[in-house]
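Structural overview
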Amino acid sequence: MSSPNGTPTKITQGSKTKGGIGESTLRPDGTLKVTGEFAYSSDMWHEDMLWGQILRSPVAHAEIVSIDTSEALALPGVYAVMTYDDLPTAVKNYGLEIQDTPVLAHGKVRHHGEPVAIVAADHPETARRAAAKIKVEYRELPVITDEASATAPDAILVHEGRDDHHVGHVPHPNIVHRQPIIRGDVQEASKKADFVIKGEYTFGMQDQAFLGPESGLAVPDEDGGVHLYIATQWLHSDLRQIAPVLGLPERKVRMTLSGVGGAFGGREDLSMQIHACLLALRTGKPVKIVYNRFESFFGHVHRHPAKLYYEHGATREGKLTHVKCRIVLDGGAYASASPAVVGNAASLGIGPYVVDDVEIEALALYTNNPPCGAMRGFGAVQACFAYEAQMDKLADAVGMDRVEFRQLNAMEQGTIMPTGQPVDSPAPVAELLRRVKAMPLPPEQQWLAAGEEADVRQLPGGLSNTTHGEGVVRGVGYAVGIKNVGFSEGFDDYSTAKVRMEVVGGEPVATVHTAMAEVGQGGVTVHAQIARTELGVAQVTIRPADTQVGSAGSTSASRQTYVTGGAVKNSCELVREKVLELGRRKFGSYHPAWATAELLLEGGKVVTDGGEVLADLVDVLEGESVEVEAEWRHRPTEPFDLRTGQGFGHVQYSFAAHRAVVEVDTELGLVKVIELACAQDVGKALNPLSVIGQIQGGTTQGLGVAVMEEIIVDPKTAKVRNPSFTDYLIPTILDTPTIPVDMLELADDHAPYGLRGVGEAPTLSSTPAVLAAIRNATGLELNRTPVRPEHLTGT
Amino acid sequence: MDFLRPASWEEALAAKAEHPTAVPIAGGTDVMVEINFDHRRPEYLLDLNRVGDLTEWEVGEDTVRLGASVPYTRIMEDLRGELPGLALASHTVASPQIRNRGGVGGNLGTASPAGDAHPALLAAGAEVEVESVRGSRLIPIDAFYTGVKRNALAADELIRAVHIKKADGPQQFSKVGTRNAMVIAVCAFGLALHPETRTVRTGIGSAAPTPVRAKTAEEFLNAALEEGGFWDNGKIITPSVAKQFADLCAAACNPIDDVRGTASYRRHAVGIMARRTLTWTWESYRGTAATTEGAA
Amino acid sequence: MRVNFTVNGRPQEADDVWEGESLLYVLRERLGLPGSKNACEQGECGSCTVRLDGVPVCSCLVAAGQVEGREVVTVEGLADYAKQRSCGHQAPEGHDSHTGEGTELSPVQQAFIDAGAVQCGFCTPGLLVAADEMLERNPNPSDADIREALSGNLCRCTGYEKIMDAVRLAAARQGEAV
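Residues numbered from 1 in each chain as written. Chains lettered and ligands numbered in written order. Predicted model: local features only at pLDDT ≥ 70, side-chain atom pairs only at ≥ 80, totals over all residues. Heavy atoms only, no water.

Some thoughts on helix 1 (residues 9-18) of chain B
All names here are of chain B. For helix 1, the full list of buried residues reads Trp9, Ala12, Leu13, Ala15 and Lys16. Across the axial projection of helix 1, the buried residues extend over an arc of 160°, all falling on one side. Away from its buried face, by an angle of more than 90 degrees, helix 1 presents the exposed residues Glu10 and Glu18. Packed against the buried residues of helix 1 are strand 1 (2-4), strand 3 (44-47), strand 6 (126-132) and strand 10 (158-165). (Buried < 20%, exposed > 50% of the residue type's maximum accessible area, 1.4 Å probe, protein only. Helix = DSSP H or I, 4+ residues; strand = E, 2+ residues; numbered from the N terminus. Arc of directions from axis to C-beta. Contact = heavy atoms within 4.5 Å.)

Let's talk about the UniProt feature "domain: Aldehyde oxidase/xanthine dehydrogenase a/b hammerhead" (unreviewed entry) in chain A
The residues that UniProt annotates with the feature "domain: Aldehyde oxidase/xanthine dehydrogenase a/b hammerhead" (unreviewed entry) are residues 35-142 of chain A. Between the C-alpha atoms that bound residues 35-142 of chain A the distance is 51 Å, and the span itself is 15% helix and 35% strand. (UniProt positions renumbered as here; feature names shortened; annotations may be inferred.)

Points about the domain arrangement of chain C
Residue and element names in this part refer to chain C. Split into domains, chain C comes out as domain 1 (3-75) and domain 2 (103-177). Taking only C-alpha atoms into account, the centre of domain 1 sits 22 Å from that of domain 2. In this complex, domain 1 contributes 15 residues to the contact, which on the side of domain 2 involves 14 residues. With both sides pooled, the region where domain 1 packs onto domain 2 buries about 1,100 Å², and carbon together with sulfur makes up 62% of that total. Asp132 is the salt-bridge partner of Arg51, the closest N and O atoms lying 3.8 Å from each other. (Domains from an automatic or database assignment. Buried area = accessible area lost by both parts, 1.4 Å probe. Salt bridge = Lys/Arg side-chain N within 4 Å of Asp/Glu carboxyl O.)

A few points about the interface of chain A and chain B
In this complex, chain A contributes 43 residues to the contact, which on the side of chain B involves 35 residues. Taken together, the two surfaces of chain A and chain B that pack against each other cover about 3,200 Å², and 52% of this comes from carbon and sulfur. Taken as a group, Leu463, Glu667 and Leu668 of chain A account for 17% of the area that chain A buries against chain B, more than any other trio of residues on that side. Where chain A packs against chain B, one counts six salt bridges. For the interface between chain A and chain B, the tally reads 23 residue pairs in polar contact (both at pLDDT 80 or more). Within the residue set of the side of chain A that touches chain B, elements represented by two or more residues are helix 3 (124-133), helix 8 (293-299), strand 29 (670-681) and helix 19 (789-793) of chain A. When grouped by side-chain class, the residues that make up the side of chain A that touches chain B number 15 nonpolar, 15 polar and 13 charged. (Polar contact = N/O pair within 3.5 Å; in protein donor to acceptor, adjacent residues only side chain to side chain. Nonpolar A, V, L, I, M, F, W, Y, C, P; charged D, E, K, R; others polar.)

Examining the interface of chain C and chain A
Tallying the contact residues gives 55 residues for chain C and 65 residues for chain A. Three residues, Gln119, Arg147 and Arg156 of chain C, lead the burial of chain C against chain A; their summed loss comes to 17% of the area buried on that side. Counting every contact that joins chain C to chain A gives six salt bridges. Two residues, Lys37 of chain C and Asp43 of chain A, come together in a salt bridge whose shortest N-O distance is 3.1 Å. Our count for the chain C to chain A interface comes out at 28 residue pairs in polar contact (both at pLDDT 80 or more).

Some remarks on the sheet that holds strand 1 (residues 50-56) of chain A
All names here are of chain A. With respect to topology, seven strands assemble into an open sheet ordered 3-7-1-14-11-12-13, the strand pairing being mixed. Each edge of the sheet is formed by a strand with only one pairing partner; in this case those strands are strand 3 (78-82) and strand 13 (253-257). Strand-to-strand, the axes of this sheet are offset by a mean angle of 20°, without reference to chain direction. Judged from the four bridges that link them, strand 3 and strand 7 (residues 115-121) form a sheet pairing that is antiparallel. Looking across to strand 7, one finds that Ala80 is bridged to Ala120. The sheet contacts of helix 3 involve strand 1, strand 3 and strand 7, and relative to strand 1 the element is tilted by about 30°. (Pairing = 2+ DSSP bridges. Axes fitted to C-alpha atoms, helices over the stretch in contact; angles between N-to-C directions.)

A word on empty space enclosed by the protein
Residue and element names in this part refer to chain A. Per the counting criterion, the structure on display carries nine cavities of 30 Å³ or more. Here the largest cavity defines a volume of roughly 320 Å³. Around the largest cavity sit 27 residues that line it, and Tyr94, Thr101, His111, Leu270 and Pro371 are the ones nearest its centre. Of all the elements in the fold, those that place two or more residues in the lining of the largest cavity are strand 5 (101-102) and helix 8. Here the element with the most residues in the lining of the largest cavity is helix 8; it accounts for three residues. Among the residues making up the lining of the largest cavity, the classes are represented as 13 nonpolar, 11 polar and three charged. (1 Å grid on protein atoms, 1.4 Å probe; cavity = no way out; pocket = protein on both sides within 12 Å on 5 of 7 lines; lining within 4 Å. Points joined across faces, edges and corners; volume = space filled by probe spheres on them.)

Overview of the sheet that holds strand 12 (residues 187-194) of chain B
Residue and element names in this part refer to chain B. On the basis of which strands lie adjacent, the open sheet formed by three strands has the order 11-12-13 and antiparallel pairing. Where the open sheet ends on each side, the last strands, each with one partner, are strand 11 (171-176) and strand 13 (199-205). Between one strand axis and the next, the sheet turns through 10° on average, direction left out of account. Here strand 11 runs beside strand 12; their pairing, made up of six bridges, is antiparallel. The residue bridging Phe173 from the neighbouring strand is Gly190, located in strand 12.

The structure is reproduced here in structure tokens:
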């Protein structure tokens, strides 16, 4: 069946194989995870191991006058105390793109919670007591906390003597990176506008709040190297940053992925990796470090808070004329992923709409606030919150239905992005909105469904018993978003997969080995499915991820199924060719089809595309094994022009739309989200159960930042005020509504199996949909997220 | 740090007398957080888990004597009839796991203005039974909270039980948090009707340095109810009376701005909760009164 | 100090316990039972939920010294615990849990796998202990009952929908089995 939006992919090889792609096979690690035996990084244990502890700065910006570690060292049970002066080589900084982050502070601290010294001791309490005995004298400096203080002519420079590749094009050294995008003629186009809407929006600082705290175990090796068992999103990126600081060649730093308790971008940067290795090498003993939740809030970067300034124009007929916007992201004290976040915010800044005349500017600041970097949605989230609020205001001004207004301006395949890049695969934006709107609305007043007494669990405030229906008003809101998939802007975004096929116990078995970080997303499930599909076997072994195999890139940017999945598919295809070659050598003379027919591997056999069995794989592989390790990359992208933002920057886009239904206690300003329906094009669902899980999880993180999640930083001191799960709140099961999902599968012909990365798009549109629903219920403008009771009650 | 494990109440009192700095630990839901996060390193931890009678309660003629460690789960499940306000408050405490461990003694010992039990205890009327080797005494709940996280306990005293007046009329409890479960109060409000004495009592949490009653509001409402013959005629409380009561409750607050909420929001929210809980309790009272009349 | 208690039916002894240690730490670091998870250590996430004398509690907030002489069930012992419950008698003693294929799981554990309720899995052990205990008390929970019973267990991956599915599935299977 064809549709105006696109068509699904046809698959021949392996289409009959049980447990292949398209099926909701179950997680290979499921049993271990439900029995408590899955080994997460914080579960690592070693005979004679020591515990590491980090001493962090209690202030945001200060010169370090002196550090005295003598008392700490004298404490019984303490094996090592290290500061900047103890670092073994000339490489003392690390960073994803810009190496601006000190392993341990030197001369200066730039944010609250920056690591200053590390301790190894025989018990975590001994290590804590020792850290407390380290005397650090600080001379406090004024703090830079926003655009005004960062770019003032006499502003203190957060980083003096910058020599990174962005410093040449930024207007001020306290700006990490700036990306303008200019297309068409906004001045001219704005003359066609019958309505112009300007808005200023604020996005709060969100935390990934993965549940498994930063942790790992470093074990010294006999050859002077170290073996690190770690929870991360990208083993090889960690390795590239760790080895030089330790003064070791990369081959002497062995890394094995341990169980990862969620990531969401928060494990792209290093946390305790180098510290644990340093202490292990110094003491000659295994060292384990586990952050507690308090420390975790300081131990990883957060989502950039942002100020967004938008101007949209539309004609009386409802057509967008132009967009001007300025997106100011607070990158905090270190660069982390800020440059790439800027690129995303700029290039996706107007959303999934057709606008020919645009002027966009996005930039990230250096400040003394907590460092910000990757989090699910990566720059596209903040923009979506703002442009979707603008779209509602425009629709109202034009006098159109808000969904119809979006559909009228929706991009489709062939639309040219502000970067000049054409969208060259399905972009069913209008269709997603139609689908989400067509879903039945949840019934009214569900709190009375069970009887006469109000069930407070169904009401805003929940168990806190704040209303029995008084003041409660329902609202409905819509939003749609666009996210890029994979690493962009010319990054060499490849993955490696090693696939082996052999006979084990009388059965053909495929073994897949990659360095992909399984962080919960289910990549391991999908790799096995791909191997079954491509190799026609039932048994697939997934080897633990480590650095004994080539890089699989990062588990981020919704890229793993696309890129490492693509690499597994590619290696499987190469193995298949070798297996068939082997078969031809052994049995080719017995049947002409070996030479003439299209051959498939199905059900453990070599068959023709007509279904005729030529040989058992067991016989083909007897006494042999076939192995391939190969890199695979998606189409190359190119950087955005630094003045105009033009360029083929992204490899794929992902789209999701949401409808939020909320009930607001308008007197107390409390919100209950009743339903968050989502429609998303996933290209091809390799594992529908996992895809829906991704969509529901992403949706919920978007809900969190709509109504409760925010790291609060004191603007006077740049200190974090709520680093705990008591005061940084994430949604509970009573805050989370039903999330019906309507999944479209329109193939992207450039991608393996036509698939589309799914993890991030739902995080984008969820937040603005909830905000729109709250605005609908209250009539308030609400230009900030998260929205708090104060904002809803005007108090 | 030393861990003291008294096997009986007498041993616990003796230990506290010997080590007045010892920190009592029962449910552990406050103390252990402070220890895990290195916010506190007491010289002695005094475990009360082995003192069995702390988890027991007795329902007397007029009061319930509630052991300090009776878990919130038991209060909300087993004492809804006798202590409806405290049962409602107990249901808002943190999570099921915490409610299985924590008890009113912990709330009182910590004396945080955000403790969920306080407004219900203030509204119901209660006395705290404290004891030391020197003897036992009852501290009226109104005199118990002496400052931010400070209470009227002497260094050698332990909280044994709370004597709470059995409900003689409807009681309600509301708490504002920015999440629908497992949340610390931004502010909270408890209200109890006492038809026997024809009085209304209130309790406010998290909106002043200590838990407080809105006494002016109570006095106003007591007078208004008396004057209008409301206790007898069971009429609907006029909106203007409810509004003035709510305003006076809001005025009884002395809140601060913090990460959980602003002072002005807290005042506003206490007013709304005061009006709603008054409406709920009064509707319930009228309903009961009507039923009683009908039966007579 | 020394602490003696029973874990999953087996007597255990922990030595040289620092007085400030939590039950969670003792289970994870001294007894080789890391199934109970250390996500927040402040009673705000439920990932360390165990049963203490049958009652679900956050093991991070129980001081190690408080469990002297008491009985603890962790996720590692959940399958046996559920089995004994369904057999209606107490087995004489627990045995070591097993790994991987062929492991006998409790109904709620199996349902979590089948329904896709496990992603990163860090919240899973706590949720399983809490959900199993709820189904023991309330074999036919409404959705609101499930949400209330699990409101002390945070999950960051799933958006809870598949967890709801899993508990409904476990309840349904339990109903069929009776």
